[in-house]
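Single-letter residue listing:
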Number of protein chains: 4
Amino acid sequence: MAGNSFGDLFRITTFGESHGKAIGVIVDGCPSNIEIDEAFIQSELDKRKPGQSKITTQRKESDTAQILSGVFEGKSTGTPISIVIPNEDQRSKDYSHIADKYRPSHADYTYQMKYGIRDYRGGGRSSARETAARVAAGAIAKLFLKQQGIEIFAHVSGVGQIEAPNVDSSDLNLLLETRESNIVRCADPAAANEMIDFIDNIRKNGDTVGGRISTIIRGVPAGLGEPVFDRLHAELGKAMLSINAVHGFEYGSGFEGSRMRGSEHNDVFTTENDKVVTKTNFSGGIQGGISNGMDITFKVAFKAVATIMRDQETLNQAGEETTISGKGRHDPCVVPRAVIIVEAMAALVIADQLLKQRAYTHI
Amino acid sequence: MAGNSFGDLFRITTFGESHGKAIGVIVDGCPSNIEIDEAFIQSELDKRKPGQSKITTQRKESDTAQILSGVFEGKSTGTPISIVIPNEDQRSKDYSHIADKYRPSHADYTYQMKYGIRDYRGGGRSSARETAARVAAGAIAKLFLKQQGIEIFAHVSGVGQIEAPNVDSSDLNLLLETRESNIVRCADPAAANEMIDFIDNIRKNGDTVGGRISTIIRGVPAGLGEPVFDRLHAELGKAMLSINAVHGFEYGSGFEGSRMRGSEHNDVFTTENDKVVTKTNFSGGIQGGISNGMDITFKVAFKAVATIMRDQETLNQAGEETTISGKGRHDPCVVPRAVIIVEAMAALVIADQLLKQRAYTHI
Amino acid sequence: MAGNSFGDLFRITTFGESHGKAIGVIVDGCPSNIEIDEAFIQSELDKRKPGQSKITTQRKESDTAQILSGVFEGKSTGTPISIVIPNEDQRSKDYSHIADKYRPSHADYTYQMKYGIRDYRGGGRSSARETAARVAAGAIAKLFLKQQGIEIFAHVSGVGQIEAPNVDSSDLNLLLETRESNIVRCADPAAANEMIDFIDNIRKNGDTVGGRISTIIRGVPAGLGEPVFDRLHAELGKAMLSINAVHGFEYGSGFEGSRMRGSEHNDVFTTENDKVVTKTNFSGGIQGGISNGMDITFKVAFKAVATIMRDQETLNQAGEETTISGKGRHDPCVVPRAVIIVEAMAALVIADQLLKQRAYTHI
Amino acid sequence: MAGNSFGDLFRITTFGESHGKAIGVIVDGCPSNIEIDEAFIQSELDKRKPGQSKITTQRKESDTAQILSGVFEGKSTGTPISIVIPNEDQRSKDYSHIADKYRPSHADYTYQMKYGIRDYRGGGRSSARETAARVAAGAIAKLFLKQQGIEIFAHVSGVGQIEAPNVDSSDLNLLLETRESNIVRCADPAAANEMIDFIDNIRKNGDTVGGRISTIIRGVPAGLGEPVFDRLHAELGKAMLSINAVHGFEYGSGFEGSRMRGSEHNDVFTTENDKVVTKTNFSGGIQGGISNGMDITFKVAFKAVATIMRDQETLNQAGEETTISGKGRHDPCVVPRAVIIVEAMAALVIADQLLKQRAYTHI
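This is a predicted model, so every value here is computed, not measured. All chains use their own residue numbering, which begins from 1 and follows the written sequence. Labels are handed out in written order, letters beginning with A for the chains and numbers beginning with 1 for the ligands. For a predicted model such as this one, the threshold for reporting local features is a pLDDT of at least 70, and the threshold for listing and counting side-chain atom pairs is 80 or more; totals across whole chains, interfaces and linings nevertheless cover every residue.

*Asks:* Whenever I open this one, the overall build of chain A confuses me. Can you help?
*Replies:* Secondary structure counts use DSSP, requiring at least four H or I residues in a row for a helix and at least two E residues in a row for a strand, with both numbered from the N terminus. Assigned secondary structure in chain A consists of nine helices and 18 strands. Here the globule rule is a power law, 2.2 Å times the number of residues to the power 0.38, and the radius of gyration is based on C-alpha atoms. At 21 Å, chain A has a C-alpha radius of gyration in line with the 21 Å of a compact globule built from 363 residues. For the C-alpha atoms alone, the extent of chain A along its principal axes is close to 65 × 50 × 40 Å. Whether a residue is buried, exposed or partly exposed follows from its count of other C-beta atoms within 10 Å of its own C-beta, namely 20 or more, 12 or fewer, or something in between, respectively; the C-beta atoms are built from the backbone. Expressed as a percentage of its 363 residues, the buried residues of chain A come to 67%.

*Asks:* Whenever I open this one, the relation of the copies chain D and chain B confuses me. Can you help?
*Replies:* Superposing chain D onto chain B requires a rotation of 180 degrees together with a translation of 0.0 Å along the rotation axis, leaving an RMSD of 0.0 Å. Those values place the two copies in the arrangement expected of a two-fold rotation axis. Minimal C-alpha separation from the rotation axis in chain D is found for A359 of chain D, amounting to 2.4 Å. C-beta atoms are first placed from the backbone for all residues, and any pair lying within 7 Å is then listed as a contact. Most of the interface of chain D is mirrored in chain B, where 100% of its interface residues again form contacts. Here the copies are matched by least squares. The fit uses the C-alpha atoms of residues with pLDDT of at least 70 in both.

*Asks:* Quick question: what am I supposed to make of the packing of helix α1 (residues 38–48) of chain B against helix α3 (residues 131–147) of chain B here?
*Replies:* Packed helices, taken two at a time, are described by their axes: the angle between them and the distance between them. All names here are of chain B. Helix axes use the C-alpha atoms of the stretch in contact, all axes being lines fitted to C-alpha atoms, and the angles between their N-to-C directions lie in the range 0 to 180 degrees. Packing of α1 against α3 brings their axes to within 9 Å, and their N-to-C directions diverge by 140 degrees. Classified by the angle their axes make, α1 and α3 are oblique. Of the two elements, α1 crosses α3, and the hand of that crossing is right-handed. Counting all contacts with α1, which are made through F40, I41, E44, L45 and R48, the residues of α3 involved are T131, A132, V135, A136, G138, A139, I140 and L143. Looking at the contact of α1 with α3 residue by residue, the class counts come to nine nonpolar, two polar and two charged. For this classification, under 35 degrees means roughly parallel, over 145 means roughly antiparallel, 65 to 115 means roughly perpendicular, and everything else is oblique. Crossing handedness follows the turn of the near helix against the far one: under a right angle anticlockwise gives a left-handed crossing, and clockwise gives a right-handed one. In this classification, the charged set is Asp, Glu, Lys and Arg, the nonpolar set is Ala, Val, Leu, Ile, Met, Phe, Trp, Tyr, Cys and Pro, and all remaining amino acids, among them Gly, are polar.

*Asks:* Please explain the sheet that holds strand β7 (residues 81–86) of chain C as it appears in this structure.
*Replies:* Pairing between the strands of a sheet comes from backbone hydrogen bonds, and it takes one of two forms, parallel or antiparallel. All names here are of chain C. With respect to topology, five strands assemble into an open sheet ordered β1-β2-β3-β7-β4, the strand pairing being antiparallel. Looking along the sheet, the strands with just one partner apiece sit at the ends: β1 (5–6) and β4 (66–67). If DSSP finds at least two bridges between two strands, the strands pair. As judged from the two bridges shared by β1 and strand β2 (residues 11–15), these two strands associate in the antiparallel manner. By the bridge assignment for β2, S5 is matched with T13.

*Asks:* Help me understand the confidence of the model for chain A in this model?
*Replies:* Low-pLDDT portions of the prediction should not be read for the details of their coordinates. Confidence scores here are pLDDT values: one per residue, from the predictor, ranging 0 to 100. Looking at chain A, pLDDT values average 95 and 98% of them are 70 or higher. Both confidence scores are given for the complex: pTM 0.98, ipTM 0.98.

*Asks:* Any chance you could explain the UniProt feature "binding site: FMN" (unreviewed entry) in chain A here in plain terms?
*Replies:* Residue and element names in this part refer to chain A. Mapped onto the present numbering, the UniProt feature "binding site: FMN" (unreviewed entry) falls on R125, S126, S127, N244, A245, G288, K303, A304, V305, A306, T307 and R329. Their sequence span is 205 residues, while the largest C-alpha to C-alpha distance among them is 44.5 Å; these annotated residues do not converge on one region. Relative to the assigned elements, N244 resides in the loop between α6 (232–241) and β11 (246–251). What makes N244 buried here is the crowd of 24 C-beta atoms within 10 Å. Dropping the residues within four chain positions of it, N244 is found in contact with A128 and T131. With respect to the element layout, K303 can be found in the loop between β16 (296–302) and β17 (311–315). You can call K303 buried: it has 29 C-beta atoms within 10 Å. UniProt positions are given in the numbering used here, feature names are shortened, and annotations may be inferred rather than shown by experiment.

*Asks:* Explain the interface of chain B and chain A to me, please; I cannot follow it from the model alone.
*Replies:* A common way to state how big an interface is: give the accessible area lost once the parts meet. Contacts between the two partners involve 94 residues from chain B, matched on the other side by 94 residues from chain A. With six residues, helix α2 (residues 108–115) of chain B is the single largest residue contributor to the side of chain B that touches chain A. In terms of residue class, the side of chain B that touches chain A is made up of 34 nonpolar, 41 polar and 19 charged. The pairing of β11 of chain A with strand β11 (residues 246–251) of chain B spans three bridges and is classified as antiparallel. Bridge pairing in β11 of chain B links F249 of chain A to F249 of chain B.

*Asks:* What am I meant to see in the environment of D188 of chain A here?
*Replies:* Residues and elements named next belong to chain A. Mapped onto the fold, D188 is located in the loop between α4 (172–180) and α5 (189–204). Along the backbone, D188 and M309 are 121 residues apart, and their C-alpha atoms lie at a distance of 30 Å. If sequence neighbours within four positions are ignored, D188 has contacts with A164, P165 and V167.

*Asks:* Help me out: how do you make sense of the sheet that holds strand β3 (residues 22–28) of chain A in this one?
*Replies:* All names here are of chain A. Ordered by their spatial adjacency, five strands build an open sheet running β1-β2-β3-β7-β4, and the pairing between neighbours is antiparallel. Here the strands that pair on one side only, and so sit at the sheet edges, are β1 (5–6) and β4 (66–69). Relative to β3, helix α3 (residues 131–147) is tilted by about 30 degrees, and along the sheet it contacts β2 (11–15), β3 and β7 (81–86).

*Asks:* Mind showing me how you'd approach the relation of the copies chain B and chain A here?
*Replies:* A rotation about some axis, followed by a shift along it, carries one copy of the chain onto the other. Aligned on chain A, chain B shows an RMSD of 0.0 Å; the corresponding rotation is 180 degrees and the shift along the axis is 0.0 Å. A symmetric contact is evident, with 100% of the interface residues of chain B recurring at the interface of chain A.

*Asks:* I would appreciate a short explanation of helix α6 (residues 232–241) of chain D in the present structure.
*Replies:* Quick reminder: α-helices carry 3.6 residues per turn. Residues three or four places apart thus point the same way. Most of α6 of chain D sits out of view: ten of its ten residues are buried. Turning to α6 of chain D, its buried residues are L232, H233, A234, E235, L236, G237, K238, A239, M240 and L241 of chain D.

*Asks:* Help me understand the interface of chain D and chain B in this model?
*Replies:* Each partner contributes to the interface: chain D provides twelve residues, whereas chain B provides twelve residues. Counted by class, the side of chain D that touches chain B contains five nonpolar, five polar and two charged residues.

*Asks:* What's the story with the UniProt feature "binding site: NADP(+)" (unreviewed entry) in chain A in this structure? I'm lost.
*Replies:* Residues and elements named next belong to chain A. The UniProt record marks R48 and K54 with the feature "binding site: NADP(+)" (unreviewed entry), using the residue numbering of this structure. With respect to the secondary-structure elements, R48 resides in helix α1 (residues 38–48). In this view, R48 contacts T131, A132, V135, R337, I340 and I341; residues no more than four positions away in its chain are not counted. Among the secondary structure elements, K54 is positioned in the loop between α1 and β4. On the basis of neighbour counts, which here come to 11 C-beta atoms within 10 Å, the residue K54 falls in the exposed class.

*Asks:* What exactly am I supposed to notice about the pairing of strand β12 (residues 269–272) of chain C here?
*Replies:* Put simply, side chains in a regular strand alternate between the two faces of the sheet. Alignment of β12 of chain C against strand β13 (residues 275–278) of chain C, held across four bridges, turns out to be antiparallel. Residue T270 of chain C lies in a different strand from β13 of chain C, and its bridge partner there is V277 of chain C.

*Asks:* In this structure, what is going on with the packing of helix α6 (residues 232–241) of chain B against helix α9 (residues 335–360) of chain B? I would like to understand it.
*Replies:* Residues and elements named next belong to chain B. Between α6 and α9, the shortest axis-to-axis distance is 9 Å and the interhelical angle comes to 145 degrees. In this structure, the crossing between α6 and α9 has a hand that is right-handed. From α6, L232, E235, L236, A239 and M240 reach across to α9, where they touch V342, M345, A346, L348, V349 and Q353.

*Asks:* Help me out: how do you make sense of unusual backbone geometry in this one?
*Replies:* A negative phi angle characterises most non-glycine residues, just as the trans form characterises most peptide bonds. Look at the link from P227 of chain B to V228 of chain B: it is a cis peptide, with omega at 5 degrees. For V228 of chain B, the location among the structural elements is in the loop between β10 (211–218) and α6. Backbone geometry at D63 of chain C places phi at a positive 50 degrees, although glycine is not the residue there.

Given below as structure tokens:
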């Protein structure tokens, strides 16, 4: 209820501030007997960690996950899996200048209004550092989904005004390879180069820029999602909108679909190898809030990072006008690192719905 | 968990199928001593009901709400308020032709896969008729919010390729008057006319079209929203994505914001009449998932209605190819009636968050 | 959260006041394809309804259940099953004398303090009339459990100082027959007669008395219950303590077990027809909060009905001393009618845990 | 849902196995600006820790709590407070003999049935060691309640057949002093001596015994508790029944009250210093599930510890008959250490209800 948990049956609760002792997560409801591959969890965290390339923050954190419970002889036991990630590179003094100032488009003002107190160091709890805990939990969800034959693939499909063309999604492993071959994590090499140059230029100007991430979930059986309020796409939407800096979510045909006619938009049923499929997939794999077995597709919009290396006007806690300048080490664009967060949240949604399906669905 | 409830502290649970005896809702957690104005609840239902104009379905339902509990001498008592809306105009035979066919882009197939049984009459539970129950509950939430000085205004800002220009939102009552003066519920009269003509034309062609609804919530104090997973915009997003036919949600600057730079996008704090405000509002009134006291703004995309008055290919339950033709009476475009559903869901989110704020927020 | 719902996956929400238009319940999460036998639901309600015998209240209510949704062609569809029970015999004027007085050991004072308003007619929401809705929902849970081979049997094992001897529980159907052959619902005929005479005498004296109900649940597979907070007996305990007038709950050896030594109390494992069993069952079928396959046993204590046909001192809303006398038609002892409520709540707990087992348990 | 969380608004989630790296807890929903006195948290843990006296287990654990998040400059920030307690004295080899045997009246068999895997070392997750995390969380709840003027006092009121007489509860601080002056934690010195001798004797015989704990909560305002399912005593009951070894719960008059008549049992309202009070308190401070401002009183029954230092028959995982003998270091009676667990769970219930009262109660 206080908002630090996600999911019902496969449920995570995260904790920790950017410059506290540690951040972490409890995964409650992971089925027993899942092989918990710690190297995989770490490799996921490595994709999100800071300091990866010239277009991410230069802050250094090893983001080493320590599992404290819930795993016995390499397997989940059905009890809570708790993971702690110690904070290392805390230059808290970088933040003393904001102790009593409200950074524009940050959460300083709203946290102060809500709680009457805030840990201002690095944004405290409002820092995107919290999402490392989600990535660790998402890795566990992915290990469960893998066992069920479900794949999740996200990549950067837009940065600023740059849009990547649609990619051939017939082989998700191949796409993943292409994505990981460039530092912006776009599965189209040409667009990737354009994006990297653009972000690097933005960074040199002390500015930041937003972007978009597109996702495909493959292998989800028909029947996931609980109408009427907990539709599968509503759960995915909430999950994505809970990620720092996200301002928009659309699935299937999305906003563009709202400009189409029914006769164009309807997905006609047919069979393929004795399996029911639709000829088009404007529905994004979800009809009436329930998966239909087709690829689930959605797109997420991230605003520009609020911390810019320029002077900005603002107010202090006394309500007086003042000026603030960006310090510390920040990302010029979050989407390259956010790709893995989007995948993690998607994995958590699907894992939760799979358990609900086990409970509810007709056998 | 089975998905028919929404909200935590101000919580609703809806029930009912399109062609069953009745639909309805239980509102649990409405504070006591709120004046429950039954005429207002009915007037809200009247804005959603079918048969309002030439551009809505010609089906007739009076949608008369009956309060069964929770109100004593005109006031809420703090106990569950249950509302029943009997179904009247059930031409179930209109649906016998779909008993064993899957209508394209409807929920027939997915419900059958999930439950192994479905009430096919009028789409059963997957029918948008369920949203009448939400409107009744939303009316109660609005009565609570009104007491707290909070206003909600939604209107149709786009139909197909038509986009309404931005409207002057300084007086929401005036906007509401303009909106209610036309049958498409757009607050810009010129765009409204264009939309009406377009929808009427679409209808005559036996086709349907999608559209967009924009919303402003005014008067929300700073401090609503529970980070990190239950951010205010994540709750609003889930609420909107739970409405039938919605394919996209964005708040504040939305998808367009993801194309901007930080230096353009940041909302600078200043004071106005001793109140903290931001000079721009790309944040849409929400920062770090918590309201900052500015107008909360968001936009919702609806796909075209799936039922078209044309022959379409599809499969039957046996998996054989067959043809289906639209029958019954359907909307050519849902947004004129959906405006009130969007407002209702927004009211439910804000009411729930207000109660959380009472519990948690620093005093 | 406002307390009118019970269960997570198999979840009910009740509504209604004693003298309002109706009471009722929504059952959300009932699996699809369960045969919904309406005659059975009514027969369960008939066992709880007032006016059954000389030792129950003489108030008359037919308690006729109307199913409004969630059932299609006699089967559950997986969507919410809503049931309404209209109120008929509302002599509200019987209650005008308590509009501004607090009846001793009733909820008048606490509801007034909590809500600042109360529907005083017949106790409003605090009336045990609400439990009729639970019985209707419990009947649906029983239909699901029957399909799973699970039986629930409760009977009156104590009234005032009278204790029934332990009954032979080898055949629960036989016990049920004996129980239903007497108006106090005790499975021991001799004790039943003693109880009936005692209650009848109490009634003639304008007084009331408490009692105890013992329950056996048979056929529950090993593995139900979620440690550590949601232990199976903790869920059963909460369910029972939520019934009006209940002051105590114990399972297995109960309070008496706290007087025993470990060497006496331990249940030794052995096999019987290749099935793991325990030689004794002081654990009441639950170990570490999880069912072990043995009979689940528990006992519930009900206090005496608060409304007595005698003058009592009390306060009015102004805080002045005054006198109140019992009016209306009340039970001298609730346990004969409460037997079916205990069974209903037990069925709801087990149904909910069965769905959790489906989701979580090792296969 | 997987059972490792307790509370709705003031919510805790515990993790950890008896012989894993650590146990711990996340407290989510603690209001901001509460002074978090770490020395107090540690002093509470010290009252629960093993090795305190000759009548507790001789196992040594320092049970040192480390706060990882949620506290800034000594105060709660409204964000999740996470606490880790490393495990130190893990003689896991003490448990190798039970790796494939089911200890009688332990959770070995049921965990194996439920999860298909179990961490057998020290009982893994089913060990009462988990309650140390509850005590740490309960200490935080107590710091919040203290600020609200609410006191909680529990003591051992029975061991085996020994019953302590009723104690004068006019000064809870005085009672606490007396309780802490003896190693069995009974507030009646004479009964305490009798209990200590008895337990010591039991221990020398390699046996164990059960006991009872009585609790008083003072200073709770009228209005806490959410009817109808989440009555205050139902929440307390569930909380207590979730503690290892608890077999019974009663509040106010309890089981004895079910033997009384209404004319004896009713609590008559009157005023005392302009405050509404009841002349007797058979209701245990709760009427209709809502607190009435009087002392809240309840009693909890604990069965004898299952591990005895004697040979017992049992089965191994292959289903073969075998013998098991107690090893390791165990408590002969849990109640002296459980007193602080009962207080912790009571504090968590009241803290949660206080936040609900803030949200819902009439002002």
